[in-house]
Amino acid sequence: MDYDYQNASNDSDFVTETLDDQVLSDKPRILLMGLQRSGKSSIQRVVFGKMPPNDTLYLESTTKIQKEDITRSFIDFQIWDFPGQVDFFDEMAYDPQDIFGTVGALIFVIDAQDDYNEALHKLFTTVTSAYRVNPNITFEVLIHKVDGLSDDYKIDTQRDVQQRMSDALADAQLEYIHLTYYLTSIYDNSIYEAFSKIIQKLIRELPTLENLLNVLCSNSGIDKAYLFDTLTKIYIATDSSPVDMQSYELCSDMIDVCIDVECIYGSAQGSSPHNLSILDTTGRNNNVMDGQQTPVSLDDIRDPDNESLEQRSVQQQHRLQNSETEASSLIKLDNGDVLYMREVNRLLVLICLLRQDNFEKHGLIDYNFHCFKEAVTEVFEFSRKRSTQQQQHD
Ligand SMILES: Nc1nc2c(ncn2[C@@H]2O[C@H](COP(=O)(O)OP(=O)(O)OP(=O)(O)O)[C@@H](O)[C@H]2O)c(=O)[nH]1
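Quantities reported herein were computed from a predicted structural model and do not represent experimental measurements.

What counts as what
- Residues numbered from 1 in each chain as written.
- Predicted model: local features only at pLDDT ≥ 70, side-chain atom pairs only at ≥ 80, totals over all residues.
- Heavy atoms only, no water.
- Core = buried A, V, L, I, M, F, W, Y, C linked by side-chain atoms within 4.5 Å.
- Buried < 20%, exposed > 50% of the residue type's maximum accessible area, 1.4 Å probe, protein only.
- Helix = DSSP H or I, 4+ residues; strand = E, 2+ residues; numbered from the N terminus.
- Domains from an automatic or database assignment.
- Contact = heavy atoms within 4.5 Å.
- Salt bridge = Lys/Arg side-chain N within 4 Å of Asp/Glu carboxyl O.
- Near = heavy atom within 4 Å.
- Polar contact = N/O pair within 3.5 Å; in protein donor to acceptor, adjacent residues only side chain to side chain.
- Areas by Shrake-Rupley, 256 points an atom, 1.4 Å probe, with all protein chains shown as cover.
- 1 Å grid on protein atoms, 1.4 Å probe; cavity = no way out; pocket = protein on both sides within 12 Å on 5 of 7 lines; lining within 4 Å.
- Sits in = over half its atoms within 2 Å of the grid points.
- Nonpolar A, V, L, I, M, F, W, Y, C, P; charged D, E, K, R; others polar.
- Phe/Tyr/Trp six-rings, centres within 6.5 Å; stacked < 30°, edge-to-face > 60°.
- Disulfide = S-S within 2.5 Å.
- Points joined across faces, edges and corners; volume = space filled by probe spheres on them.

Caption draft 1: Region of the structure containing the nonpolar core. By size, the foremost hydrophobic cluster in this structure holds 67 residues, and its most contacted members are Leu142, Phe195, Leu227, Phe228, Leu350, Ile351 and Phe372. When residues in this core are grouped by element, the largest group, seven residues, is from strand E12 (residues 348–355). Here this core spans two domains, since at least three of its residues come from each of domain 1 (14–202) and domain 2 (206–393). Once residues within four sequence positions are removed from consideration, leucine 350 is found in contact with Leu213, Leu216, Ala225, Tyr226, Leu227, Tyr340, Met341, Arg342, Val344, Phe369 and Phe372.

Caption draft 2: Main features of the pattern of salt bridges. The full count for this structure, using the stated rule, is eleven salt bridges. The partner of aspartate 111 in a salt bridge is lysine 145, with the nearest N and O atoms 3.1 Å apart. With aspartate 111 in strand E5 (residues 103–111) and lysine 145 in the loop between strand E6 (138–144) and helix H4 (151–171), this residue pair connects regions lying 34 residues apart in the sequence. Put simply, aspartate 151 and lysine 154 hold a salt bridge, and the shortest N to O gap is 3.5 Å.

Caption draft 3: Here's a closer look at the site of the ligand. In the neighbourhood of the ligand, 20 residues make up the surrounding shell, with Ser41, Ser42, Ser61, Thr62 and Asp147 lying closest. Contact between the ligand and serine 38: an oxygen atom at 3.2 Å from a main-chain N or O atom of the residue. Isoleucine 186 places a main-chain nitrogen or oxygen 2.9 Å from an oxygen atom of the ligand. Computed on the free molecule, the ligand has an accessible area of 650 Å², of which 93% lies beneath the protein chains in the complex. Mapping the ligand onto the cavity grids shows that it belongs to the second largest pocket. Looking at the shell around the ligand, the element that brings in the most residues is helix H1 (residues 40–49), giving three residues. Its residues assigned to classes, the shell around the ligand shows four nonpolar, twelve polar and four charged.

Caption draft 4: Region of interest: the packing of aromatic side chains. In the structure shown here, the tally under the stated rule is ten aromatic pairs. With a centroid separation of 6.3 Å and an interplanar angle of 40°, the aromatic rings of tryptophan 80 and phenylalanine 82 are classed as tilted. Residue classification places phenylalanine 82 among the buried positions, given a relative accessible area of 2%. When the centroid spacing of 5.7 Å and the interplanar angle of 45° are considered together, the rings of tyrosine 226 and phenylalanine 228 count as tilted. In this structure, tyrosine 226 and phenylalanine 228 share a single accessibility class: buried. By way of ring pairs, the aromatic residues Tyr226, Phe228, Tyr235 and Tyr248 are connected into one cluster.

Caption draft 5: Representation of the state of the cysteines within the structure. Taken as a whole and assessed by the stated rule, the structure comprises zero disulfides. Cysteine cysteine 217 shares no disulfide, and the gap to the nearest cysteine sulfur, in cysteine 352, comes to 6.5 Å. A disulfide-free cysteine, cysteine 371 has its sulfur positioned 14 Å from the sulfur of cysteine 352, the nearest such atom.

Caption draft 6: Focus on the layout of surface pockets. Counted as a void, the second largest pocket has a volume near 430 Å³. Taken together, 24 residues make up the lining of the second largest pocket; nearest its centre are Arg37, Gly39, Ser42, Thr56 and Lys145. Examining the composition of the lining of the second largest pocket, we find that three residues originate from one element, H1, more than from any other. Residue classes in the lining of the second largest pocket are distributed as six nonpolar, 13 polar and five charged.

Written out as structure tokens, the structure reads:
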């Protein structure tokens, strides 16, 4: 196993901040709803607070809405954790417009180890009431705590939940309300996988990111590439080849390994991500990229007529080595594959899975990675400008 890892976030950075009502920002919201003890707070703490799953056993029941602003993460949302016992559709006590007006996703958690009749009833009333207030919400259903269930039982439970909900919505002539179902547990990667899919629906730039990853993979001999949010291990985009759990788990575990190694051996210098965001990187490497790169393909590099391209790539490498400070890491697997991680900025890392013979031309991969990085930075810079303009317009 080879490591070349310089800088990464520190454990102490894995913090979310609980907000008072007075200081709430206008960030898009993700709501966590469901019956008492279904696992909402555990999910929030494990995914966004890095709590070890076993520690959730000691969590106390939530008594009021917990609003958390996810900081130092690419995912710029608020998570609202609702106490299971309160009826938020009691219009005397709560204004549904306040709660659901600006929501991105409503995640409803069902405890699959318990009798879920009541949960289905609550899911139906929650979804239909929230839809009336804001039809743009995406509804996500986590069939949760499936770690204790056999594979057959999991599938049967999902089928049953899905069938009963679609029957109930059809009876109410609301079949156009779309729900997405996930089998999850905090004890494995399924919760991250589900959150990745949920968050991706809220990222406007997703199709562009996917295209960029496709171009990167096809030009660099990469089999699979994920763009991960470093803090949460949620992948915000991947190339269009199918996601298999095994490759996803390897890549996700690599983040943990790298962070652990960095915590032990890394230098403290520049490790604070406070002042770093995807937007900060725009000026950082201007001298490197000149804004004129195009990805290079493996075929280009093997073609002897293309020597100048190879030279260009090598020169670029030298310049990059002199000016780059972002982290990278390499893990060689027993089966001959290679896991290669590059930091896109302090919030995002790219992790690629490829065959070792393709990695021999890693100068090419690094060159293409820098084209990719520039493009990603531009995409988000463009989005940021557009949202600023829209806000000024409003
Ligand atoms: N087996 C298993 N247990 C889980 C999982 N997720 C949460 N739990 C357990 O479920 C119990 C309740 O979890 P909480 O997160 O407190 O549930 P909650 O929905 O926030 O409950 P309220 O705050 O009362 O609404 C805890 O003991 C957790 O350890 C899971 O994926 N698998």
